[in-house]
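# Observations on the model geometry
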Amino acid sequence: MDKLQIEGGVPLNGKIRISGAKNAALPIIAASLLTEEPVNISNSPHLHDVTTMIELLACLGVDVTLNEFMEVEIAARRLENYRAPYELVKTMRASFLVLGPLLARFGEAEVSLPGGCAIGSRPVDQHLKGLEAMGAEITVTEGYVCAKTSGRLVGCDIHMDLVTVGGTQNLMMAATLASGTTRLFNAACEPEIVDLADFLNALGAKVSGQGTSTIEIVGVPRLHGGAHTIMPDRVEAGTYLVAAAVTGGRVHLRDVAPKTLGAVLDKLQQAGAELTVGENWIELDMGGRRAKAVDIETSPYPGFPTDMQAQFMTLNALADGTSTITENIFENRFMHVHEMKRLGAEIELHGQSMAVVHGVDQLKAAPVMATDLRASSSLVLAALAAVGTTTIDRIYHIDRGYETIEEKLGSMGAKVRRVS
Ligand code: UD1
């Protein structure tokens, strides 16, 4: 199993390009099932999770190719089956996003339940409730959600009980081919939802209100082919900004969407970082200063993203002062705390959703283990700032979300090595 070895203590300094967003690419690739005509997706990141989604489509019988410009071409002319098997869904929860498109276009789908997951129970009740409201017959047998509809799904008003990104995406995709109009209330407003809506509209769907809590979808009988460029990854961007901040360094990010990073940039500024922002670039300069502790509370977009919570835990662990971190989206998303303590961080957990972080002057290298994607990125950041060489085990978690992380960090002067 691959490990990362990081010799810490080097202030990062350099320019990097931000990749396409994993969390936008996954639903958009799933949405390609909605049309029989070819679609062309550019700026998709080269990540394990994206490969898993492509494998899933291939296993349904879809033609997927990577052209010479590294664009993904998908043509879902006809399928061999409508079943997303447990073996794939268990490795990546976002596989569940094929349910809506399969059901809407083919009238049937069998998708394994994602099951337990390292960051909490993560149910899919809102996805199922919405599809049932649109007329789907749903049963759960032997760990599979079996959904059927005779004729098209029927548009309706759906009030979601809580804000769910995946739920909003599944229902939005399903509604594009329904008869009549669907309105999703209490919809997620995340930029990745907007990117998906833009993609669907490029294929001839009629989606409006994306980016607000009410999305309206006027169903059409069919979608055509088209092309789309995936938006920049705001979590990758945020992670590299924090990397520069915790090492007292400086970074220039290009091909980024600053507008999607509002809450994160605010907190970095509060922590004492100097930020300069252009249309599609961000520069952060920490000028060798130590960060000031900042309180963090996660909430749906445009609030502070849960996917940046662990990285700010590292920032606070090394900051001047004491801070509180409250996690409101997922239960059990503090698994990085125990590993960070091995590096000398002083963190107290208060139940499953609150942590109090007492900033220390220095972290010290130790062997640590990655437990989930964002938790592992926080360990990478901690290792970059720590004194000595830290070995991070189980980095396959990092490879799910960060494209060529060693190269990007290395180009900013970090001493990072992948070892097996
Ligand atoms: C997506 C992102 C993930 C991010 C999360 C929250 C992708 C591939 N993943 O995950 O990186 O951390 O949004 O911004 O885009 N819930 C229910 N019932 C449901 C659905 C969700 O109770 O039917 C709960 C979940 O357990 C969780 C909360 O709602 O507590 C938010 O989950 P959701 O927004 O659905 O997250 P994902 O779409 O899985």
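Residues numbered from 1 in each chain as written. Predicted model: local features only at pLDDT ≥ 70, side-chain atom pairs only at ≥ 80, totals over all residues. Heavy atoms only, no water.

## Quick word on the overall build of the protein
Helix and strand counts for the protein stand at 14 helices and 24 strands. Compactness check: the protein gives a C-alpha radius of gyration of 21 Å against a globular reference of 22 Å for 420 residues, within 12% of the reference. Over its C-alpha atoms, taken along the principal directions, the protein stretches across nearly 65 × 45 × 40 Å. Here the protein holds 420 residues, and the buried ones make up 57% of them. In the protein, once contacts between residues fewer than 6 apart in sequence are set aside, the share between residues at least 24 apart is 72%. (Helix = DSSP H or I, 4+ residues; strand = E, 2+ residues; numbered from the N terminus. Rg over C-alpha atoms; globule rule 2.2 N^0.38 Å. Buried < 20%, exposed > 50% of the residue type's maximum accessible area, 1.4 Å probe, protein only. Contact = heavy atoms within 4.5 Å.)

## Considering the packing of aromatic side chains
Within this structure, the stated rule accounts for 2 aromatic pairs. Note on Tyr-82 and Phe-106: the rings are 5.2 Å apart at their centroids and 35° apart in plane angle, and the pair reads as tilted. Within this pair, whereas Tyr-82 is found in the loop between strand 5 (72–75) and strand 6 (83–84), its partner Phe-106 is found in helix 4 (residues 99–106), the two being separated by 24 residues in sequence. The class of Phe-106 is partly exposed, set by a relative accessible area of 22%. (Phe/Tyr/Trp six-rings, centres within 6.5 Å; stacked < 30°, edge-to-face > 60°.)

## Here we look at the nonpolar core
Membership of the largest hydrophobic core comes to 73 residues, with the highest contact counts inside it found for Val-98, Met-172 and Leu-200. Among the elements that take part in this core, helix 1 (residues 22–31) stands out by supplying 7 residues, more than any other. Excluding anything up to four places from it in sequence, Met-172 contacts Leu-184, Ile-193, Leu-196, Ala-197, Leu-200, Val-207, Ile-215 and Ile-217. With 71 residues, the next largest nonpolar core counts Val-235, Val-242, Ala-382 and Leu-409 among its residues. (Core = buried A, V, L, I, M, F, W, Y, C linked by side-chain atoms within 4.5 Å.)

## Brief notes about the side chain of Lys-22
In this structure, Lys-22 sits in helix 1. In this structure Lys-22 touches Pro-45, Leu-47, Asp-49, Asp-233, Leu-373, Arg-374, Arg-400 and Gly-401, once residues within four positions along its chain are discounted.

## Observations regarding the sheet that holds strand 21 (residues 354–358)
Neighbouring strands of a sheet are bound in pairs by backbone hydrogen bonds; such pairs are parallel or else antiparallel. Strand order in the open sheet made by the 4 strands is 18-19-21-20, with mixed pairing throughout. The outermost strands of the open sheet, each flanked by one partner alone, are strand 18 (296–297) and strand 20 (346–350). Judged from the 5 bridges that link them, strand 20 and strand 21 form a sheet pairing that is antiparallel. Each bridged residue has a counterpart across the sheet, and for His-350 the counterpart in strand 21 is Met-354. (Pairing = 2+ DSSP bridges.)

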